[in-house]
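Coordinates in review
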Amino acid sequence: MDAAAADAYLDRMGAARPASPDADALRALHLRHLRTVPFENLSLHLGEEIELAEQPLLDKIVGARRGGFCYELNGAFAMLLRALGYEVEMLSARVFGPEGPGIPYDHLVLRVSTPDGPWLADVGFGRHSHFPLRWDSRAEQSDPGGVFRIEETAEGDLDVFRDGSPQYRIEQRPRALADFEVGCWWNRTSPRSHFTQSLVCSRLTETGRVTLSGRTLVFTGADGIREEREVGAGEVLAAYREHFGIVLEREPVVGGAGSIRA
């Protein structure tokens, strides 16, 4: 990513270029990304292809002012951080479900090095930590998103816990963005993927979180109190514009004509 592209990305986030690639700047960028770039899977239900390459990701997230899911959001964020002078490694993670860790390359996370030490950055997991987590700490880490802890496994992986519940298991070998193509394909096509079974668009706000799940609009306060209302068919596109800055020509529908299936 060149300087012009990095500046355009920062402008899309409403963020200034940091003076130096340090931990404080990383924290500010992480939070700003979560508040401005939605976690969303709308492409899957609009029949849009997802390309894990620099220009397509920038065209979508910066040019079209859209969001994405983990491969897109953390993939693009890694490019931005590198352009700003950070040392960044992309790592594969397996998301915990009822039966344990999911498929390999189920999730993409970032290990970011700063003069203050390494950090786990993740702007592509929906509800998660607002700020990067200290990579080399095994103590509890308090965050507005919960209490987090990183624990080593017997095999040398790292399990990330939120409020005592396992979230995902990280493999510590650095990967390239292209390595996640198979995991991305499975998540956007498999009938067993929760992404193909539901619509979600969610963004952190200064007072909590706003989520549009199908036609259910949910406002969650910092205290966890939820307010829900159903959005009428004629209001859906306006809701995407108002709450997420996403402009669509038609409403995405699960199982609709535009949905991608294996």
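Now for a look at the structure at hand. For clarity, every value in this text was computed on a predicted model and none was experimentally measured. (Residues numbered from 1 in each chain as written. Predicted model: local features only at pLDDT ≥ 70, side-chain atom pairs only at ≥ 80, totals over all residues. Heavy atoms only, no water.)

Our focus in this paragraph is the overall build of the protein chain. Counting its regular elements, the protein chain contains seven helices and 14 strands. Taking 2.2 N^0.38 as the reference for a compact globule, 262 residues should give roughly 18 Å; the C-alpha atoms of the protein chain span a radius of gyration of 18 Å, in line with that estimate. Taking the principal axes of the C-alpha coordinates as reference, the protein chain spans close to 50 × 45 × 40 Å. Here the protein chain holds 262 residues, and the buried ones make up 53% of them. Expressed as a percentage of contacts within the protein chain between residues at least 6 apart in sequence, the contacts between residues at least 24 apart total 56%. On the protein chain, roughly 11,800 Å² of surface is accessible, and the fraction owed to carbon and sulfur atoms is 49%. (Helix = DSSP H or I, 4+ residues; strand = E, 2+ residues; numbered from the N terminus. Rg over C-alpha atoms; globule rule 2.2 N^0.38 Å. Buried < 20%, exposed > 50% of the residue type's maximum accessible area, 1.4 Å probe, protein only. Contact = heavy atoms within 4.5 Å. Areas by Shrake-Rupley, 256 points an atom, 1.4 Å probe, with all protein chains shown as cover.)

This part is about the sheet that holds strand 1 (residues 39-40). Taken together, five strands build an open sheet; the order of strands is 1-11-12-13-14 and the sheet is antiparallel. Edge strands, defined here as strands with exactly one partner in the open sheet, are strand 1 and strand 14 (226-230). (Pairing = 2+ DSSP bridges.)

Although it is not a glycine, R65 sits at a positive phi angle of roughly 55°. Here R65 lies in the loop between helix 3 (54-63) and helix 4 (70-83). We classify R65 as partly exposed; its relative accessible area is 38%. One non-glycine residue, D163, lies in the positive phi region at around 50°. Relative to the helices and strands, D163 resides in the loop between strand 9 (158-162) and strand 10 (165-170). In this structure D163 comes out as partly exposed when scored by relative accessible area, which is 45%.

If you trace the backbone, I50 turns up in the loop between strand 1 and helix 3. Separated by 138 residues in sequence, I50 and R188 have C-alpha atoms that sit 8.8 Å apart. With sequence-adjacent residues up to four places away left out, I50 is seen in contact with S43, L44, F69, E72, C184 and R188.

This next bit is on the packing of aromatic side chains. For the coordinates displayed, the defined rule picks out seven aromatic pairs. Between the aromatic rings of F39 and F195, the centroid separation amounts to 6.2 Å while the plane-to-plane angle is 45°, which identifies the pairing as tilted. Here the residue F39 occupies a position in strand 1, and F195 occupies one in helix 6 (residues 194-197), the gap between them amounting to 156 residues. Judged on exposure class, the residue F39 and its partner F195 are both buried. With centroids separated by 5.4 Å and ring planes inclined at 90°, the aromatic side chains of Y105 and F180 adopt a geometry described as edge-to-face. Taken as a pair, Y105 in the loop between strand 3 (100-101) and strand 4 (107-114) and F180 in the loop between strand 10 and helix 5 (181-189) lie far apart in primary sequence, 75 residues in all. For Y105, a relative accessible area of 19% puts it in the buried group. These aromatic residues form a ring-pair network of at least three members: F39, F69, Y71, Y105, F180 and F195. The positively charged end of R27 is found above the aromatic ring belonging to F131, 4.0 Å away from the centroid. (Phe/Tyr/Trp six-rings, centres within 6.5 Å; stacked < 30°, edge-to-face > 60°. Lys NZ or Arg CZ within 6 Å of the ring centre and 35° of its normal.)

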